[in-house]
Structure formats: C-alpha cells, structure tokens
Amino acid sequence: MQTTLADAFRNTPEGEVVERILRSCVHCGFCLATCPTYLVLGNELDSPRGRIYLMKQVFEGATPTAKTRLHLDRCLTCRNCETTCPSGVEYGRLLDIGRHIVEERVGRGFVESITRAALKTALGTPSLFNTALKLGQCVRGLMPATLKQRIPPADDAGVWPAPRHARRMLVLEGCVQPGLKPNINAATARVLDRLQISLVAVAEAGCCGALAHHLNDSDAGLASARRNIDAWLPHLDAGAEAIVMTASGCGVMVKDYGRLLRNDPAYAEKAARVSAATKDISEILLAEREALKPLTAHRSPLAPRRIAYHPPCTLQHGQKLTGGVEALLTDVGFELVPVAEKHLCCGAAGTYSILQPDIAGQLKTRKLEHLSAGEPELIATANIGCLTHLQSDSSIPVQHWIELLDNALSPSWRDRPRPPSSATRAIGA
Ligand code: SF4
Ligand code: SF4
C-alpha cells in the first residue's frame, strides 16, 4: 500500500514500523472473512482492511475523529487477521501504535474515562478485585439473574503441593484468576508436581500489564512489566527453568516484554530473558509428554468424556500455539467433539465484553452455539477471560483444560458422578 507519512511520523522509530507495516498490506481483503467484527457488523470500517485505512489516514496527517476511535475501539485485538493475512501484515503492532496516537488526539467523555480508569484499577489490583468479588459472592443469592450470571460462585482451589523438587518453575498468578478460579493454578502445580517439578508463585510479581496496555495506557503496562522482571529474574538466576502462564492473555503479553522494552537500556536485555523463559503451560507439558504417559499407563482406559475445546485468540493467533492442548487432552482419554469456527473470538477479549457488550454478546452466542453443537459434557478453554465470559451464558460447565488434565491424572476422578446429558441443556438456560 503506497504511503506518505506526515512529518510528525517520518524518520521516527514508530514511523518506520508503521511505514513498513502499511506497505506490506496489498489490500487483498482476505482478512475480512475471518474478522469477527466485520462478520457481526458488516461494515468495512470494522474490518482489518478498513481499520488499516483509517490509521493510514491519521499517519498521513488527517485529524482523527470520535468515529475513527470508535472503529479502533471495536477491534477485539484477536489478531485473527494476522493468521489469515497472506502478506504477513503485523496488524496488532500497527493497532497498538494507531490506538495510542488516536487516544492522545481524541478525548473521551467523563463517564467513559472514569469507566476505563476504574476497570484498569479494579481488575489490575488483585486485592481490590478479590475483596469486591467476595462481597459479591456473599450476596449473590439475592441478585437478579443478569447480575448473578456475572459473579461466579466461590471455587475450591484444592491442594497446592509445597515446593520439594530440584526442578522448579515460576507461575504468574494473574489478577482476576486467583479470585475467580483459584483451582487453575493449583491444578497446574499438582500436574507439575507429578512430573517432579515444583511450581512457585513469586509474591512481588503482579498484573502482567495487558489490561492497561490494551486500554491505551502503555506507561502503566510497561511499569507492570518492569516490576515483574525485577521479581522473576533473581529466581531465574537461581535456577528456575521457566515462567509458566496459565492464562493465554497474560502469556501473549509477557512473551512481548522483550519487544516492548527493547529501547529501554536498563531493561532491554532483562526483558528479552524473561520473554524467552515464558511458556504457556501447554508448551511445558508437550515438552514433558513422554514423562506424562507413565502417569496414566497403569490405569484402565479412561471412559471417554466428550469435550468441546475453545482455543483462545491469545493462544492460537497471539502466541501461534495450535493443536497442543488438544493433543494433551486426547493423550489422557478425552474425546474432543468437532467445533465449527474455532478460529473466531468468543467476544471476551479482556475488558471488551464490558466496554462493547452488544458485539461481545453476539459473538458469545455464536461461539456457544458451535461449542454445544456436538453435545459435549464440558467446554474447555485456556484463558480465564474466555472461561468466565462463556460460562456466564452456558449451562454446560466451562473449565480450564489443565483442571481436566489434573482430574484425569487423579486416581479418584473416574469415580466422580458424571454431569447430566447435555441433550437436555440449552444455551442461556
Ligand atoms: S489480508 Fe493482509 S494484505 Fe490483505 S487486506 Fe488484509 S491485512 Fe492487507
Ligand atoms: S484483530 Fe480481530 S477484530 Fe481486530 S481487525 Fe483483526 S480480526 Fe478483526
């Protein structure tokens, strides 16, 4: 795509990135067919190609408007378009820069600004979020159904084995996950403990920074990154093998620390080290696949449990990890039912489901129809955002896949009662 950048961007580091990305787009439109917002809204300006055009105009000197920002806000940052694009257009990087520029030049109203600031603070501060969640869970029974859907009941974490092995890995606990689903990290610790690996959470680490980053507050996002790097590096120096991610939305952010801090002389090298050590739990277990096999080999074959798996966008498009979770679940005896449109976003997308509820709701309904079509007993996914978003409207239980794997490795699991037939369930019931 021919591009002539405005003086403000020409010969700047950001301008060079923008120019290279804009020139790589050949305007073919292949990405439109896989863009969730284009499928829902049918407007070219809510497609990757349309948004690239809008950003190009701004980088060439046009004044952005509230309409420009609306179409950029409506993007889920799912990066499905990157997977589809035959020309390798780095849409996500372009959007990061474009959103930042537009945010600086087009002010938001009072209510919108307060809402975004409140989301950043409440969701990015585990102590605040957990207190609010506990209060909500106490009065959940008195709430109207629509509000009740949004507050899951308290969850039991089970046992997190004490560190006892020579092999150690770190885990990012996450902001909302320990409050909403404490069993996810505990299940990860139990699975790794069976593989003679101890999983350790470092108290000084906190939010990965993705929330602030995607709400266009890159300074706050980078501050979180630096704090986590300072917290984890001494443990990597002391022999921890990896930093394990159990939420793919956090994983894609931490794996990007190296690129985001590449121009910071004090952190560039340290950030690259942390990113290189960061692995999704599926990557860790695929590397340990041979060691996992004997853990199930001595048992009788597992009765098939029909699972519908939803791969989060941050795993399949952001981290480019596909097929690993399915292989691990199949190894331990689960039957994965076919699911249409696996590549499409469920609408959760961080704070998107709160800020763009109509589009997010339509995408959730579409996703749940596909996930339930094969009458699964359970829906599995790999990101807390997708899990809570889907569960809020699904009568089929939604779990993190590592919990299923942990259950499958537990001797008592096969004796647990099976859930009722999914044939009697309906979405939204
Ligand atoms: S598929 Fe790629 S090259 Fe084609 S219009 Fe979309 S972003 Fe541009
Ligand atoms: S990131 Fe997702 S929603 Fe945004 S333009 Fe690309 S495909 Fe569409």
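### So, the overall build of the protein chain
For step 1, the next point in the chain: Looking only at helices and strands, one finds 24 helices and eight strands in the protein chain.
For step 2, the next point in the chain: A compact globule built from 429 residues would reach a C-alpha radius of gyration of about 22 Å, and the protein chain, at 22 Å, matches this within 12%.
For step 3, the next point in the chain: Contacts in the protein chain between residues far apart in sequence, at least 24 positions, make up 74% of those at least 6 positions apart.

### Examining the sheet that holds strand 5 (residues 305-310)
For step 1, the next point in the chain: In space, the four strands of this open sheet follow the order 6-5-7-8, with parallel pairing throughout. The outermost strands of the open sheet, each flanked by one partner alone, are strand 6 (334-336) and strand 8 (398-400). Neighbour to neighbour, the strand axes of the sheet diverge by 40 degrees on average, direction disregarded.
For step 2, the next point in the chain: Here three bridges tie strand 5 to strand 6, and the two strands are oriented parallel to one another. Pairing of Ile307 across the sheet is with Leu336, part of strand 6.

### Considering the domain arrangement of the protein chain
For step 1, the next point in the chain: Partitioning the protein chain into domains gives domain 1 (13-105) and domain 2 (298-424).
For step 2, the next point in the chain: On a C-alpha basis, the centres of domain 1 and domain 2 stand 30 Å from each other.
For step 3, the next point in the chain: At the interface, twelve residues of domain 1 touch twelve residues of domain 2.
For step 4, the next point in the chain: Only helix 2 (36-41) and helix 5 (80-84) provide two or more residues apiece to the side of domain 1 that touches domain 2.
For step 5, the next point in the chain: Grouping the constituent residues of the side of domain 1 that touches domain 2 by class yields four nonpolar, five polar and three charged.

### Overview of the site of ligand 1
For step 1, the next point in the chain: Around ligand 1 sit 13 residues, and of these Cys25, Cys28, Cys31, Cys85 and Val89 come closest.
For step 2, the next point in the chain: For the shell around ligand 1, a count of residues per class yields nine nonpolar, three polar and one charged.

### Details of the site of ligand 2
For step 1, the next point in the chain: Around ligand 2 sit 13 residues, and of these Cys35, Pro48, Cys75, Cys78 and Cys81 come closest.
For step 2, the next point in the chain: Of all the secondary structure elements, the ones that give two or more residues to the shell around ligand 2 are helix 2, helix 3 (48-59) and helix 5.
For step 3, the next point in the chain: Grouping the amino acids of the shell around ligand 2 by side-chain chemistry returns eight nonpolar, three polar and two charged.

### Observations regarding the nonpolar core
For step 1, the next point in the chain: Counting residues in each nonpolar core, the largest one holds 105 residues, and the members touching the most others are Met169, Ile243, Val244, Val254, Leu329 and Trp401.
For step 2, the next point in the chain: Viewed by domain, this core spans two of them, domain 1 (13-105) and domain 2 (298-424), each represented by three or more residues.

### A closer look at the sheet that holds strand 1 (residues 167-171)
For step 1, the next point in the chain: Spatial ordering of the open sheet is given by 2-1-3-4, a layout of four strands whose pairing is parallel. Each edge of the open sheet is held by one strand with a lone partner, namely strand 2 (197-201) and strand 4 (278-280). Ignoring which end each strand starts from, the neighbouring axes of this sheet average 40 degrees apart.
For step 2, the next point in the chain: As paired elements, strand 1 and strand 3 (residues 243-245) share two bridges and run parallel to each other.

### Here's the deal with the packing of helix 3 against helix 6 (residues 91-105)
For step 1, the next point in the chain: Contact geometry for helix 3 and helix 6: axes closest at 10 Å, N-to-C directions at 45 degrees. Put simply, helix 3 runs oblique to helix 6. Between helix 3 and helix 6 the crossing geometry is left-handed. The segment helix 3 lies against helix 6, with Pro48, Ile52, Met55 and Val58 engaging Tyr91, Leu94, Gly98, Ile101 and Val102.
For step 2, the next point in the chain: Grouping the amino acids of the contact of helix 3 with helix 6 by side-chain chemistry returns eight nonpolar, one polar and no charged.

### What about the pairing of strand 1?
For step 1, the next point in the chain: Sheet topology note: the strand 1/strand 2 ladder contains five bridges and is parallel. When the sheet's bridge partners are listed, Val171 is paired in strand 2 with Ala201.

### Here we look at the confidence of the model for the protein chain
For step 1, the next point in the chain: Looking at the protein chain as a whole, its pLDDT mean stands at 90, while 92% of the residues score no less than 70.
For step 2, the next point in the chain: Every residue in residues 413-429 scores below 50 in pLDDT, and together they form 23 contacts with partners more than four places removed in sequence or on other chains.

### A few points about helix 3
For step 1, the next point in the chain: For helix 3, which comprises twelve residues, the first-to-last C-alpha distance of 16 Å matches the rise-based estimate of 16 Å (1.5 Å per residue) to within 8%.
For step 2, the next point in the chain: Of all twelve residues making up helix 3, nine are buried, and the element is well covered by its neighbours.
For step 3, the next point in the chain: Among the residues of helix 3, Pro48, Arg49, Arg51, Ile52, Leu54, Met55, Lys56, Val58 and Phe59 are the ones counted as buried.
For step 4, the next point in the chain: Buried residues in helix 3 make contact with helix 1 (13-24), helix 4 (66-73), helix 5 and helix 6.
For step 5, the next point in the chain: Downstream of helix 3 by a residue or two, Gly61 has a phi angle that is positive, lying close to 115 degrees.

Reading the values: rules and limits
- Per chain, residues are indexed from 1 in the order of the written sequence.
- Think of it this way: whatever chain is written first is A, whatever ligand is written first is 1, and the rest follow in order.
- Side-chain atom pairs in this predicted model are given and counted only at pLDDT of 80 or more, local residue features only at pLDDT of at least 70, and totals for whole chains, interfaces and linings cover all residues.
- Secondary structure elements follow DSSP: runs of H or I no shorter than four residues count as helices, runs of E no shorter than two count as strands, and numbering proceeds from the N terminus.
- Radius of gyration here is computed from C-alpha atoms only, and the compact-globule reference equals 2.2 Å multiplied by the residue count raised to the power 0.38.
- By the convention adopted here, residues are in contact when the distance between their C-beta atoms, placed from the backbone, does not exceed 7 Å.
- If DSSP finds at least two bridges between two strands, the strands pair.
- All axes are obtained by fitting lines to C-alpha atoms, using only the stretch in contact for helices, and the reported angles, taken between N-to-C directions, cover 0 to 180 degrees.
- Throughout, the edges of the domains are those of an automatic or database domain assignment.
- For this scheme, ten residues count as nonpolar: Ala, Val, Leu, Ile, Met, Phe, Trp, Tyr, Cys and Pro. Four count as charged, namely Asp, Glu, Lys and Arg, and the remainder, Gly too, count as polar.
- What makes a residue near a molecule or strand is its C-beta atom, placed from the backbone, lying within 6 Å of it.
- Only buried Ala, Val, Leu, Ile, Met, Phe, Trp, Tyr and Cys residues enter a nonpolar core, and they are joined through C-beta atoms within 7 Å.
- Residues with at least 20 neighbouring C-beta atoms inside 10 Å of their own are called buried, those with 12 or fewer are called exposed, and the rest are partly exposed, where every C-beta is derived from the backbone.
- Put simply, angles under 35 degrees are roughly parallel, angles over 145 are roughly antiparallel, angles from 65 to 115 are roughly perpendicular, and the rest are oblique.
- Crossing handedness is read from the near helix: turned anticlockwise from the far helix by less than a right angle, it gives a left-handed crossing, and turned clockwise, a right-handed one.
- For every residue, the predictor reports its confidence as pLDDT, a number between 0 and 100.
- Helix span, expected: 1.5 Å multiplied by one less than the number of residues in the helix.

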